[in-house]
Amino acid sequence: MPGNLFSLFRGAIVDENKVFIRTSTGRTLTYGEMVSLSGRMANALVTAGVKPGDRVAVQVDKSPEAIVLYLACLRVGAVYLPLNNAYTLAELEYFIGDSEPKIFVATPERAGTIGAIAAKLGVSMLETLATDGTGSLTNRARGLSPEFADVPMKGDELAAILYTSGTTGRSKGAMLSHDNLASNAITLKDLWHFTSRDVLLHALPIFHVHGLFVATNVMLAANGSMIFLPKLDPDDVFRALPEATAMMGVPTFYVRLLQDKRLCRETTGHMRLFVCGSAPLLADTHREWSERTGHAILERYGMSETNMLTSNPYDGERVPGAVGTPLPGVSLRVVDPETGAGVPHGEIGMIEVKGPNVFSGYWRMPEKTKAEFRDDGFFITGDLGRFDERGYVCIVGRGKDLIISGGYNVYPKEVETELDAIPGVIESAVIGIPHKDFGEGVTAVVVAKAGSALNEASALTLLRQRLANFKLPKRIFFVDDLPRNTMGKVQKNVLRETYKNIYAN
Ligand code: MCA
Ligand code: AMP
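In this text the structure is predicted, and so the values were computed from the model without any measurement.

Procedures and definitions
Residues numbered from 1 in each chain as written. Chains lettered and ligands numbered in written order. Predicted model: local features only at pLDDT ≥ 70, side-chain atom pairs only at ≥ 80, totals over all residues. Heavy atoms only, no water. Phe/Tyr/Trp six-rings, centres within 6.5 Å; stacked < 30°, edge-to-face > 60°. Helix = DSSP H or I, 4+ residues; strand = E, 2+ residues; numbered from the N terminus. Buried < 20%, exposed > 50% of the residue type's maximum accessible area, 1.4 Å probe, protein only. Near = heavy atom within 4 Å. Polar contact = N/O pair within 3.5 Å; in protein donor to acceptor, adjacent residues only side chain to side chain. Nonpolar A, V, L, I, M, F, W, Y, C, P; charged D, E, K, R; others polar. Pairing = 2+ DSSP bridges. Areas by Shrake-Rupley, 256 points an atom, 1.4 Å probe, with all protein chains shown as cover. Arc of directions from axis to C-beta. Contact = heavy atoms within 4.5 Å. Salt bridge = Lys/Arg side-chain N within 4 Å of Asp/Glu carboxyl O. Axes fitted to C-alpha atoms, helices over the stretch in contact; angles between N-to-C directions. Parallel < 35°, antiparallel > 145°, perpendicular 65-115°, else oblique. Left-handed = near helix turned anticlockwise from the far one by under 90°.

Chemist: Can you lay out the packing of aromatic side chains for me, pointing to particular residues and giving the numbers?
Modeler: For the coordinates displayed, the defined rule picks out 16 aromatic pairs. Between Tyr-254 and Trp-289, the ring centres sit 4.8 Å apart and the planes meet at 80°, which makes this aromatic pair edge-to-face. Residue Tyr-254 is found in helix H10 (residues 251-258), and its partner Trp-289 is found in helix H12 (residues 283-293); the two are separated by 35 residues along the sequence. Comparing Tyr-254 with Trp-289, the two get one shared label, buried. Consider the rings of Phe-359 and Phe-379, whose centres lie 5.0 Å apart with planes at 80°: the pair is edge-to-face. With Phe-359 in the loop between strand S17 (349-354) and strand S18 (361-362) and Phe-379 in strand S19 (residues 379-387), the pair connects residues that are 20 residues apart, well separated along the chain.

Chemist: Kindly report on unusual backbone geometry, identifying the contributing residues and their values.
Modeler: Backbone geometry at Glu-100 places phi at a positive 45°, although glycine is not the residue there. With respect to the element layout, Glu-100 can be found in the loop between helix H4 (89-99) and strand S5 (103-106). On the accessibility criterion, Glu-100 (46% relative accessible area) is partly exposed. Not every positive phi belongs to a glycine, and Asn-307 is a case in point at roughly 55°. Here Asn-307 shows up in strand S14 (residues 307-311).

Chemist: Quick one: what's the story with the site of ligand 1, residue by residue and with numbers?
Modeler: Around ligand 1, 25 residues are found, and the nearest of them are Arg-256, Ser-278, Arg-300, Ser-405 and Lys-474. Between ligand 1 and Lys-231 there is a distance of 2.9 Å, counted from an oxygen atom to a side-chain nitrogen or oxygen. In this structure, Asn-469 approaches ligand 1 through a side-chain N or O atom, which is 3.0 Å from an oxygen atom. Residues belonging to the shell around ligand 1 are distributed by class as follows: ten nonpolar, ten polar and five charged.

Chemist: Pulling in residues and values, what's your account of the pairing of S19?
Modeler: Burial analysis of S19 places seven of its nine residues in the buried class, the great majority of the element. As defined by bridge partners, S17 adjoins S19 across four bridges and the pair is classed as antiparallel. Note on S19: the bridge partner recorded for Met-350 is Leu-384. Relative to strand S20 (residues 393-398), S19 is paired through five bridges, and the arrangement is antiparallel. Among the inter-strand pairings, Phe-387 is bridged to a residue of S20, identified as Val-393.

Chemist: Would you mind going over the site of ligand 2 in detail, with residue names and values included?
Modeler: Inspection of the region around ligand 2 gives 16 residues, with Arg-300, Ser-304, Asp-383, Lys-400 and Asn-409 positioned closest. Separating an oxygen atom of ligand 2 from a side-chain N or O atom of Asn-409 is a distance of 2.7 Å. Protein chains bury 92% of the 500 Å² of accessible surface belonging to ligand 2 in isolation. Those elements that place two or more of their residues in the shell around ligand 2 are strand S13 (298-303) and S20.

Chemist: I'd like a description of helix H1 (residues 5-12), backed by residues and values.
Modeler: Within the span of H1, buried status applies to Leu-5, Phe-6, Leu-8, Phe-9 and Ala-12. Down the axis of H1, the buried side of the element spans an arc of 155°, and every buried residue falls inside it. Looking at the buried residues of H1, the elements they touch are helix H2 (31-47), helix H3 (64-76), helix H7 (178-191) and helix H8 (209-222). Of the residues that open H1, the one with a side-chain oxygen 2.9 Å from the backbone nitrogen of Phe-6 is Asn-4.

Chemist: Tell me about the pattern of salt bridges, and please be specific about residues and values.
Modeler: One pass over the full model with this rule turns up 32 salt bridges. A salt bridge links Arg-239 to Asp-236, with the shortest nitrogen-to-oxygen separation between them at 2.9 Å. On the criterion of helical spacing, the pair formed by Arg-239 and Asp-236 is a turn pair, its members being three residues apart in helix H9 (residues 234-240). Given a relative accessible area of 17%, Asp-236 falls into the buried group. Residue Arg-333 pairs with Glu-352 through a salt bridge whose shortest N-O separation is 2.9 Å. Here the residue Arg-333 occupies a position in strand S16 (residues 331-335), and Glu-352 occupies one in strand S17, the gap between them amounting to 19 residues.

Chemist: I'd like to hear about the environment of Val-151, residue by residue, with values.
Modeler: Relative to the assigned elements, Val-151 resides in the loop between helix H6 (136-142) and strand S7 (158-164). Separated by 221 residues in the primary sequence, Val-151 and Glu-372 place their C-alpha atoms 32 Å from one another.

Chemist: Please set out the environment of Tyr-411 residue by residue, giving values where relevant.
Modeler: Looking at the secondary structure, you find Tyr-411 in the loop between strand S22 (408-410) and helix H14 (412-420). The spacing of Tyr-411 and Val-442 is 31 residues in sequence and 9.5 Å in space, taken between C-alpha atoms.

Chemist: Give a description of the sheet that holds S17 that names residues and reports values.
Modeler: One open sheet accounts for four strands, arranged S16-S17-S19-S20; its pairing is antiparallel. The open sheet is flanked by S16 and S20, the only strands paired with a single partner. Across the sheet, the mean angle from the axis of one strand to that of its neighbour is 45°, orientation sign disregarded. As judged from the five bridges shared by S16 and S17, these two strands associate in the antiparallel manner. Note on S17: the bridge partner recorded for Val-334 is Ile-351.

Chemist: Outline the packing of H10 against H12, supporting the account with residue identities and numerical values.
Modeler: Packing of H10 against H12 leaves a shortest axis separation of 10 Å and a crossing angle of 45°. Classified by the angle their axes make, H10 and H12 are oblique. Read as a crossing pair, H10 and H12 show a hand that is left-handed. Residues Tyr-254, Val-255, Leu-257 and Leu-258 of H10 form the contact with H12, whose own contacting residues are Thr-285, Glu-288, Trp-289 and Arg-292.

These values are about where atoms sit, not about what they do.
Below is the structure:
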């Protein structure tokens, strides 16, 4: 492994003039510019007092400069902490308090409000970065030298912290090391045959593993190019598609593109690869895509804590409904969730994993970390699965109370906590219901006090101030009582059955 991950990326450059990122507005960043700009930005961070191990929290829009900032953090040895730009101030307050960043980088529009919270929580510096690359951070970097001696890192030192929600409602920061990220980038580049001839159509957000580490790190390791779209807009996609060789997306991308008449063999014939992950891809979507385009989507499976774990083959059968075999170097076993003993081949159990890609633990949560690892070092994913007769892994459910909506994780407990805090609410249950577009739709069932004036719209207005938009229930139902079993536990399976068809059309 390369030590500092940036040295892997620098070493992969065969052509400095090659475009690394081109935006949908036509702005470009070459590999040579990426090295010099990240050098300047690394100098800016050091001048601002950032030291190895310091957290740099970032909530900005997608831009080439945001990637440059990520790379500058690697070079400095700082810990990059990307935050979903849908997070509300209430959510940010928790992340800032928990991670204690040295600097917070925000969009110019949000700098004022975030600055007040950051200052209250003791963050000494707030910098800005806009979508067009301007802002106080780039101003700081402008006059500085492009030369920067990358800080030597031990492979197990932290490169990034990614917050993932938790079953208790408190988000946990998954600590990822330089080696965790390097191992996955090298493996996926080789497995999926990425080279400097590739152009990746990139419409994912860059604050999660999929858009940042799977897509961007793999392209950096391959010296390939990316076309950055701000979001999944089918018009932008079909405009950019002729120049692309590959695309990565969550299932909602594929569902939406299938609704577009432009999707056909002619418009996708030149493409080399379509990769999907972050949530289950329905077998029907996989088949429909193959029929319309002639391309079998390559589905893979991973987590924020582990990066990628399994993949369908590049050459060989890509099976609808299966996530493929464990990546080289990854050990994956299926066990009895209670005892941890292996289950017979083909039977369903808890998926546990070990490998160079697996994180070292949750930021400042040693107890949680201990609870989610076995004594022999295997990480308990919370996903239920089985091996099929080919040796492919199939994910059949989740042992954790988690909803995945459009590729984003939503933990019901977090939404229930916010609902229960609303005056007039006695209790609530939040469930995931099959949703045509988002895979699962966050759905709330609420018991309100007699005579309360609370209704769906007023509850949503209050929630909107507290929760990121993708966590908001698509529907809220008011009932007299929640169904309970003899132990008094809410029967979410009964609720899921009651509301199972609400998003069918
Ligand atoms: C937006 N909305 C959503 C979501 N996104 N609601 C539920 N779930 C979502 N994911 C809401 C907006 O708040 C808005 O609500 C309404 O939907 C319409 O917004 P729209 O503009 O259509 O949304 P969009 O911009 O098209 O976004 C949908 C999306 C996007 C394309 C599915 O959410 C997305 O890019 N998801 C990818 C997430 C991702 O990268 N996951 C990877 C995590 P209103 O109108 O009421 O305000 S990494 C991971 O999971 C692991 C490691 C892995 O294996 O990869
Ligand atoms: P996150 O915490 O956002 O990284 O989400 C990780 C979770 O997404 C995993 O634990 C799985 O439940 C789910 N996931 C990711 N990829 C797939 C996939 N291809 N099929 C089914 N579930 C997936």
